[in-house]
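Spelled out from the first residue to the last, the chains are:
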Amino acid sequence: MPKVSQEHLDARRAEILEGARRAFARHGYDGATVAKLEEEIGLSRGAIFHYFDGKLDLFAALANSDNARYQALLAEEGLAALIGAIAAADPNWLNVLIETEVKLLHDPAFVERIAATPEQRERLLDAFRRRQAEGLFRADIPAEDLARFATIVINGLALRVAGGETTSVEAVLTLVNDAFRPHH
């Protein structure tokens, strides 16, 4: 039997993830049964779960990928880029991410697979500290508190977008920039 190339394996994995994202967005985590995943992805459960150990691992791969992408966006391009990305995100997918926040409070398996690692948290704090050192963010408040505030704003924006509410990104950015701007 010929060996399958890594490129093919990566492409198939990406295909599975995109189909799973659509299924979770359409049906929620609990409603995205294996049958619905098969239907949306267009592959059998055997093919899907050759790449992932189960539905939770499939979902965790998506959630962790999004988390890493959002953190990188924040660290590299700043709050405005992240706020813009959240405002433009699929409301149905944001609903699923919000649903998982509740699961993180009650389901140890979710926490084990999805919770941010200490390294991710430290990279995020480093980005805030760097902006403070560059004089872009206020230094009278610890970086940890600024990061927590940013997370509160971003999660609130995600909740509003997921609920279908029209939100002025410019107004949010003006308020956030005012809150983070150094006071002289």
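Let us look at the structure shown here.

**A word on empty space enclosed by the protein**
Scanning the entire structure with this criterion turns up one cavity of 30 Å³ or more. For the largest cavity, the calculated volume is near 30 Å³. In terms of residues, the lining of the largest cavity owes the most to one element, helix H8 (residues 118–133), which gives three residues.

**Structural notes on the side chain of Glu40**
Considering the arrangement of structural elements, one finds Glu40 in helix H2 (residues 34–41). A polar contact of 3.0 Å, which involves the side chain of Glu40, links it to the side chain of Arg22. With sequence-adjacent residues up to four places away left out, Glu40 is seen in contact with Gly19, Arg22, Ala23 and Arg26.

**Concerning the layout of surface pockets**
A water-sized probe rolled over the atoms picks out the places where empty space is left. When its volume is computed, the largest pocket comes out at roughly 1,000 Å³. As for the largest pocket, its lining consists of 31 residues, and the residues nearest its centre are Asn67, Gln71, Glu101, Thr151 and Asn155. Contributing elements (two or more residues each) for the lining of the largest pocket: helix H4 (55–77), helix H5 (79–88), helix H6 (91–106), H8 and helix H9 (143–162). With nine residues, the single largest contributor to the lining of the largest pocket is H9. Of the residues contributing to the lining of the largest pocket, the split by class is 20 nonpolar, six polar and five charged.

**Quick word on helix H1 (residues 6–31)**
In this model, H1 (26 residues) spans only 32 Å end to end at C-alpha, well below the 38 Å of a helix rising 1.5 Å per residue. Where H1 bends most, at Ala25, the angle is about 80°. The complete set of buried residues in H1 reads Ile16, Leu17, Gly19, Ala20, Arg21, Ala23, Phe24, Ala25, Gly28 and Tyr29. Elements in contact with the buried residues of H1: H2, helix H3 (45–51), H4, H6 and helix H7 (108–114).

Criteria and cut-off values
Residues numbered from 1 in each chain as written. Predicted model: local features only at pLDDT ≥ 70, side-chain atom pairs only at ≥ 80, totals over all residues. Heavy atoms only, no water. 1 Å grid on protein atoms, 1.4 Å probe; cavity = no way out; pocket = protein on both sides within 12 Å on 5 of 7 lines; lining within 4 Å. Points joined across faces, edges and corners; volume = space filled by probe spheres on them. Helix = DSSP H or I, 4+ residues; strand = E, 2+ residues; numbered from the N terminus. Polar contact = N/O pair within 3.5 Å; in protein donor to acceptor, adjacent residues only side chain to side chain. Contact = heavy atoms within 4.5 Å. Nonpolar A, V, L, I, M, F, W, Y, C, P; charged D, E, K, R; others polar. Expected span 1.5 Å × (residues − 1). Bend = angle between axes of the 7 residues up to and from the residue. Buried < 20%, exposed > 50% of the residue type's maximum accessible area, 1.4 Å probe, protein only.

Interpretation note: all reported values are geometric properties and have no functional meaning in isolation.
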